[in-house]
Amino acid sequence: MQNELDTPAFRLAVAQFDEAAKRMNLDRNLHQRLKLPQRSLMVSIPVRMDDGRVEVFTGYRVHHDMSRGPCKGGIRYHLGVTLGEVAALAMWMTWKCALAGLPYGGAKGGVKVNPKSLSRDELQRMTRRYTAEIFPLIGPDRDVPAPDVGTDSQVMAWIMDTYSQQVGYASPGVVTGKPLSIGGSLGREDATGRGVVDVTLAAMKHLELDPSQATVAIQGFGNVGSHTARIMQEAGLKVVAVSDVNGGLYNPKGLDIPDILKRYREEGTPLGKIRSGDWITNEDLLQLPCTVLVPAALSEQITGKNADKLRCRILAEGANGPTTMEADAILAEKGIFVIPDILANSGGVIVSYFEWVQDAQRFGWKSKDIQERLHDIITAAFARTLAFATEHRTSMRMAALMGGIEKVAQAHLHRGLYP
Ligand SMILES: NC(=O)C1=CN([C@@H]2O[C@H](COP(=O)(O)OP(=O)(O)OC[C@H]3O[C@@H](n4cnc5c(N)ncnc54)[C@H](OP(=O)(O)O)[C@@H]3O)[C@@H](O)[C@H]2O)C=CC1
Ligand SMILES: O=C(O)CCC(=O)C(=O)O
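Residues numbered from 1 in each chain as written. Chains lettered and ligands numbered in written order. Predicted model: local features only at pLDDT ≥ 70, side-chain atom pairs only at ≥ 80, totals over all residues. Heavy atoms only, no water.

Under the annotation held in an unreviewed UniProt entry, the chain carries the name Glutamate dehydrogenase and is attributed to Nitrospira tepida. According to the UniProt record, the Sequence similarities (unreviewed entry) comment for the chain is "Belongs to the Glu/Leu/Phe/Val dehydrogenases family." (UniProt positions renumbered as here; feature names shortened; annotations may be inferred.)

In structure tokens, the structure reads:
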């Protein structure tokens, strides 16, 4: 399995883990165990296409560790999906859930496909077959998927329906990020973006920066990027740049986010045709002068090659794994305050947890309660991480990783698994 795992994302996740394990003197056997997934499933997904052909896609579901509870983590539909990438994302989920104090282990899944190249019917057939193939791994008490890159609430609804057909009753708790009509939660759709804004404001308070004077550049305008942009603007920050895979819009005076969202999302106008700013590349976007930079797309965007060119004060990682370790060292020298992914983007899984609890209770919570509880959990995790980083003179990334790993180590210890 190790050869198949050997990808840039997995190497990054393991390098971060190794560094944290060394600093905390983690038990050697536990270190060896947590370097690899607990279990990985690779599946073939034959799909009847609209033109009658059968195409076979490859999918994965990986459980990294379930010592603290059922596994939790999104499903990604993207052409770049590999076993190694999914395993890295699953490992990050373990630390993320533990850092936030959620009773979950880490998982992730994915299918190597460009979902935009499929019709809606093909996407549904592929999702149902993928669900049938990973059926032995998932379940409300076993492993609970959620949306990630290229998937959304509709995909979660098809997964819930396919799983429910198999077990013979409606099982809303098998996935989160579902539509409200089948047990979804208020506030899950924009939870990751809301969490990014909550921790950014906490960081600005710590750094004594005034939000009303702050500018924000955001790479990626999907679920995480678009909601982050909207909520940043609602919080009084000026969003100067947003982008999708093709490039971005930049206006130093500030973009009109509600108008861009309306035209991009509702009317389907490409970002490049919305003339409210200059057209820039994604690489240019990362290098803009701004108070807050939010990578909210894919991993390894900030590397040893471009880290020196960043001109932000705060890097709030909406994406998973956007920064390499080489880049981390450069950012530290430049004095850029990094809010690491497993903390900055944990709002999504925190509200997924609320959804799962509501499904179990068969009782829906109010939007206000969800936002307040999210705020309380994520800002408390931020405060703990900052206090640890300050006391132990580590980076915020190492402090967050060590905070998560310590809780996982405790669970293994108490269950009698290690040392
Ligand atoms: N959804 C969630 O709740 C959570 C997501 N995350 C992480 O946040 C990140 C984004 O996820 P999410 O918003 O859900 O995904 P989406 O699929 O909704 O959006 C992804 C966005 O990134 C853009 N993009 C894709 N490739 C590139 C590229 N090479 N350069 C720049 N932009 C690119 C896409 O553009 P286009 O549409 O044009 O392809 C799109 O705007 C991922 O790293 C994910 O793991 C983390 C926590 C929770
Ligand atoms: O909401 C969830 O369960 C997981 C979201 C996710 O995939 C992530 O945080 O990376």
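## Concerning the overall build of the chain
When you go through the chain residue by residue, the secondary structure sums to 15 helices and twelve strands. For the chain, the spread of C-alpha atoms along the three principal axes comes to 55 × 55 × 45 Å. Partitioning the intrachain contacts of the chain with sequence separation of at least 6 by distance along the chain shows that 69% fall at a separation of at least 24. Counting only carbon and sulfur atoms, one obtains 50% of the accessible surface of the chain, whose full area is about 17400 Å². Across the chain, the centroid of the 48 positively charged side chains sits 2 Å from that of the 46 negatively charged ones. (Helix = DSSP H or I, 4+ residues; strand = E, 2+ residues; numbered from the N terminus. Contact = heavy atoms within 4.5 Å. Areas by Shrake-Rupley, 256 points an atom, 1.4 Å probe, with all protein chains shown as cover. Lys, Arg positive; Asp, Glu negative; His and termini not counted. Charge placed at Lys NZ, Arg CZ, Asp CG, Glu CD.)

## Comments concerning helix α2 (residues 8-24)
Taking 1.5 Å per residue, 17 residues should reach 24 Å; α2 reaches 24 Å between its end C-alpha atoms and fits that length. Once α2 ends, the next one or two residues include N25, with phi positive near 55 degrees. (Expected span 1.5 Å × (residues − 1).)

## Looking at helix α6 (residues 153-167)
For α6, built from 15 residues, the straight-helix expectation of 21 Å at 1.5 Å per residue is met to within 8% by its first-to-last C-alpha distance of 21 Å. Where α6 begins, the capping side chain belongs to D152, and its oxygen is found 3.1 Å from the backbone nitrogen of Q154. After α6 finishes, the residue G168 shows a positive phi value of roughly 95 degrees. (Polar contact = N/O pair within 3.5 Å; in protein donor to acceptor, adjacent residues only side chain to side chain.)

## Regarding the UniProt feature "active site" (unreviewed entry) in the chain
Listed under "active site" (unreviewed entry) in the UniProt record, and renumbered for this structure, are K108. Looking at the secondary structure, you find K108 in strand β4 (residues 105-112). The class for K108 is buried, based on a relative accessible area of 3%. Dropping the residues within four chain positions of it, K108 is found in contact with Y60, R61, V62, G73, G74, V86, L89, A90, M93, D148 and N320. (Buried < 20%, exposed > 50% of the residue type's maximum accessible area, 1.4 Å probe, protein only.)

## Structural notes on the sheet that holds strand β5 (residues 143-147)
Taken in spatial order, the five strands of this open sheet run β1-β2-β4-β3-β5, and their pairing is mixed. Two strands bound the open sheet, and with one partner strand each, they are β1 (39-48) and β5. Across the sheet, the mean angle separating the axes of adjacent strands is 25 degrees when strand polarity is ignored. Sheet topology note: the strand β3 (residues 71-78)/β5 ladder contains five bridges and is parallel. What sits directly across from C71, in β5, is D143. In this fold helix α5 (residues 120-134) packs onto β1, β2 (54-65), β3 and β4, with an angle of close to 145 degrees to the strand it touches most, β1. (Pairing = 2+ DSSP bridges. Axes fitted to C-alpha atoms, helices over the stretch in contact; angles between N-to-C directions.)

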